[in-house]
Amino acid sequence: MAVNRPREPRDGEVYDVWEHSGKHEHPRPPYDGYLTKAEEVALDLQIRRRPDATAHQLRTGDSAPGSVPLAVISPALSDPQRARYQVNKGRERLDLRQTASKGGGPLLHALGDLNKTFGSPFLVDSGFVDRAYFVMQSPFMRLIINEAVDDWLDPIRPGPEDSRHGVVTDGDHTFFRDGLLMTSCAFSTTLSAWVPVLYSWIDGQSAEDHRLHFRQLNKAIMECAGDRFDSKLLASVMDFSAAQRAAFAEEYADAMIQRFKSWDLLGYEAQNAQRRVFVGEASAFVQGCEVHFWRSGKRIQRNGALVPPDQSYYFEQLLRRMLDPLCTESDFDVAVRDLRRTFPRIQSWISWWLQPLVARMLFPVKKTMSEEDAARLPRTSNPVETQHSLLHHASGKGHNLIADGHVPWPSGPTEPPPRRERMEIHPNDGRAPDTLDALERLGKPLKTQRQSSEANVGPEPKDNLPQESTRLPTTTRSKELPQRAAVPVAKFTTIDGTFPSDRPNSSFHLASYSLSHNSCFTDHPTEAWFRAFVLWPPEVRREALYHIIPTESLLSSVFFHFDARLKWILSGRGQKPCRPGMEAGRSYQLIWVRTYVD
């Protein structure tokens, strides 16, 4: 404990002194170093007791006599990575390192005995012919599906918590070294949490590979629903992978055909026509992830070569308008037209999101899903991506699917996974072309697009300007600009227009460049630099911004700031000392603070 002693004056200052007293009764915090000898002996005892257990299983413990969770041995072992490291060292001390098995017999026996090992059904489907895959589902997972079905079909439970229905599906590309771990989650009203209800390992990323996962998922939902089945129960939330979307549509059609009682009475052509109807109908039961759209948009927005910094806010406003549930078809078309006209270098990105099957998953005005069903589904795949993160935290990444002739739920990689080179966009991974390289490969030549972009530099029509200014985050160095003590600038005329002088104390006249109380060495030259910039002819400014100055340089940021300030001054907005004037100063402060200039 700590005791507060009387204040002590020292060199004219008075200090409060806290002095430690007594003895700590709480456990010692985890130590980053090695385990003590006694802790190593206790750890070895647990490893010898269960030599085939993973580090995660040893951390958790079991109900059998003699089990001691690793965190009880040492708080440091509560960390998954440190526990895996110490368990591997313990196996080396005990000479329990497993050797690779010879032949395929042990592997086949391990697969056949997998459900017996778990004590309950877990491996519900598998195959090695044509496509290798494993589908895993425990009785608890089936219980969660049954609970989710009852929750959606219960007419007494509508309300603001409705965005918890449906199934959220996503693929984990890093848990196994080879193949893809598909995961689907449903919401448990008992646990008030999203819970995995199906795992599948597939060896490829085609639509046919993904169908194996959705087939078992739909089968479980239909069995739980029975005679109460409604097609909305198959509704799914996912990213924009073309393979996942096609697989969902095909398996949705198969599920509907199973419930089509007179299907066998239809002729061959009639069956094909009806199946095409079901495949098209599937788009009304799949919703895309808005977070993926926003992340892609942010990558575009942060690239000054694609979205000029002074147009960043306008770009974001257009995206928000497209996602607005109240957006009409005509408003949507206007927003798309403005995006194409104002940002000509992202044509391929816009076209990717406007693909009919993608747009129906994302934009409310384009969706074929009913508004009621859309409101009951989450608008993000974060629930299942959180499960990926939790699984990685508990068990690590980069696992071998088959390790040493047995099929454990792995505790962690036996060696660091190979370093991945720069990731190439997979045609089925659902990511839009949101990098400069990708857009240049798909779009027009760079020189032509640059020339089209140049028209946006300098003053622009008022109907293209955003009506509000984004508030920039302040920093510890920034301060409010003075509103009354500012010295008005003299009136002067540029090619673009005349600096206003009829309001000498308005925010247009504020001396914007004041970083600190002792920054005159940069304040005055910067203001003079800005005055020189606005006297340049517009074509010279465009040439400097888009052809001479490197886009990622500090100088480019400064010049784009000058251009934004000039547009604001000449726009005629802001009749009194207002926030936009102060934000113009803060934006410049942030440029210098971020580059460590003080």
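Cut-offs applied
- Residue numbers here run from 1 along each chain, matching the order of that chain's written sequence.
- At least 70 in pLDDT is required for a residue's local features to be given in this predicted model, at least 80 for side-chain atom pairs to be given and counted, and no such filter applies to totals for whole chains, interfaces and linings, which use all residues.
- With hydrogens and water set aside, each side-chain value is computed from the structure's full complement of heavy atoms.
- The patch calculation keeps residues exceeding 30% relative accessible area without a salt bridge and links them within 9 Å when they carry like charges or within 5 Å when they are nonpolar (Val, Leu, Ile, Met, Phe, Trp, Tyr).
- Method for areas: the Shrake-Rupley scheme with a 1.4 Å probe, in which residue coverage is limited to the protein chains shown.
- Only one rule defines a salt bridge in this text: a Lys or Arg side-chain nitrogen within 4 Å of an Asp or Glu carboxyl oxygen.
- A run of H or I in DSSP counts as a helix once it spans at least four residues, and a run of E counts as a strand once it spans at least two, with each numbered from the N terminus.
- Think of it this way: a Phe, Tyr or Trp ring, Trp meaning its six-membered ring, pairs with another when their centres are within 6.5 Å, and the plane angle makes it stacked under 30 degrees, edge-to-face over 60, tilted otherwise.
- Residue burial is assigned from relative accessible area. The probe radius is 1.4 Å, only protein chains are included, and a residue is buried under 20% of its type maximum, exposed over 50%, and partly exposed in between.
- Charge-over-ring contacts are defined here by two conditions on Lys NZ or Arg CZ: a distance within 6 Å of the ring centre and an angle within 35 degrees of the ring normal.
- Whether two strands pair comes down to DSSP finding at least two bridges between them.
- We call two residues in contact when some of their heavy atoms are within 4.5 Å.
- Only C-alpha atoms enter the line fits that serve as axes; for helices the fit covers just the stretch in contact. Angles between N-to-C directions range over 0 to 180 degrees.
- A 3.5 Å cut-off defines polar contacts: any pair of N or O atoms within that distance qualifies, except that in protein one atom must be a possible hydrogen donor and the other a possible acceptor, and neighbouring residues in sequence count only when both atoms are side-chain atoms.
- Note that the arc is computed from the directions linking the helix axis to the C-beta atoms.

A. Expanded view of a nonpolar patch on the surface. A contiguous nonpolar surface patch, about 310 Å² in accessible area, is contributed by F140, L143 and L191. As for its placement among the helices and strands, L143 is situated in helix α7 (residues 139-153).

B. Broad picture of unusual backbone geometry. Notably, D130 is not glycine yet its phi reads approximately 70°, a positive angle. Along the polypeptide, D130 turns up in the loop between β3 (123-127) and β4 (133-136). For S192, which is not glycine, the phi dihedral falls at a positive 55°. With respect to the helices and strands, S192 occurs in the loop between β6 (180-188) and β7 (193-202).

C. Highlighting the packing of aromatic side chains. What the rule picks out here adds up to 27 aromatic pairs. Ring centres 5.7 Å apart and planes at 80° place the aromatic pair F260 and W263 in the edge-to-face group. Classification of F260 as partly exposed rests on a relative accessible area of 26%. W263 gets classed as buried once you look at its relative accessible area, which sits at 13%. Centroid distance F530 to F562: 5.5 Å. Interplanar angle 55°. Geometry classified as tilted. Taken as a pair, F530 in helix α20 (residues 520-535) and F562 in helix α22 (residues 554-571) lie far apart in primary sequence, 32 residues in all. Of the two residues examined, F530 and F562, each falls in the buried class. Aromatic ring contacts, followed pair by pair, group F240, F293, W294, F315, F332, F343, W349, W352, W353 and F363 into a single cluster. It is R541 that lies over the ring of F533; its NZ or CZ is 5.6 Å from the centre.

D. Molecular detail of the sheet that holds strand β8 (residues 236-237). If you walk across this open sheet you meet the seven strands as β3-β4-β7-β6-β5-β8-β9, and the pairing is mixed. Taken across any chain shown, the strands that pair with only one partner, and hence form the sheet edges, are β3 and β9 (286-287). Looking at chain direction, β3 and β4 are connected through four bridges and run antiparallel. Bridged to G127 within β4 is Y133. Sheet strands touched by helix α9 (residues 242-258): β5 (167-172), β6, β8 and β9. Its angle to β5, the strand with the most contacts, is close to 135°. Sitting on the sheet, helix α17 (residues 382-395) is in contact with β5, β6 and β7, with an inclination near 45° to β5.

E. Inspection of the pattern of salt bridges at higher detail. In total, this model carries 20 salt bridges according to the counting rule given. Its salt-bridge partner being D62, residue R49 comes within 2.8 Å of it at the nearest N-O pair. Remark: D62 occurs in the loop between α2 (55-60) and α3 (70-73) and R49 occurs in helix α1 (residues 37-49); sequence separation between them is 13 residues. When its relative accessible area of 30% is taken as the criterion, D62 is described as partly exposed. Taking the shortest distance from any N to any O, the salt bridge between R215 and E251 comes out at 3.2 Å. Taken together, the residues R215 in helix α8 (residues 207-225) and E251 in helix α9 connect sequence positions 36 residues apart. Taking relative accessible area as the criterion, R215 reaches 41% and is therefore assigned partly exposed. Members of the salt-bridge network, linked through shared partners, are E208, R211, R215, E250, E251, D254 and R275.

F. Main features of the side chain of R211. With respect to the secondary-structure elements, R211 resides in helix α8. Every residue in contact with R211, bar those within four places of it in the chain, is listed here: A247, E250, E251, D254 and R275.

G. Structural detail: the side chain of E251. Classification of E251 as buried rests on a relative accessible area of 4%. Within the structure, E251 has its side chain in polar contact with the side chain of R211 (distance 2.8 Å). Once residues lying within four places of it in the same chain are set aside, the contact partners of E251 are R211, F214, R215 and N218.

H. Local environment of helix α21 (residues 538-548). Within α21 the residues assigned to the buried category are P538, R541, A544, L545 and Y546. For α21, the arc enclosing every buried residue in end-on projection is 160°, short of the 170-degree limit, so these residues lie on one face.

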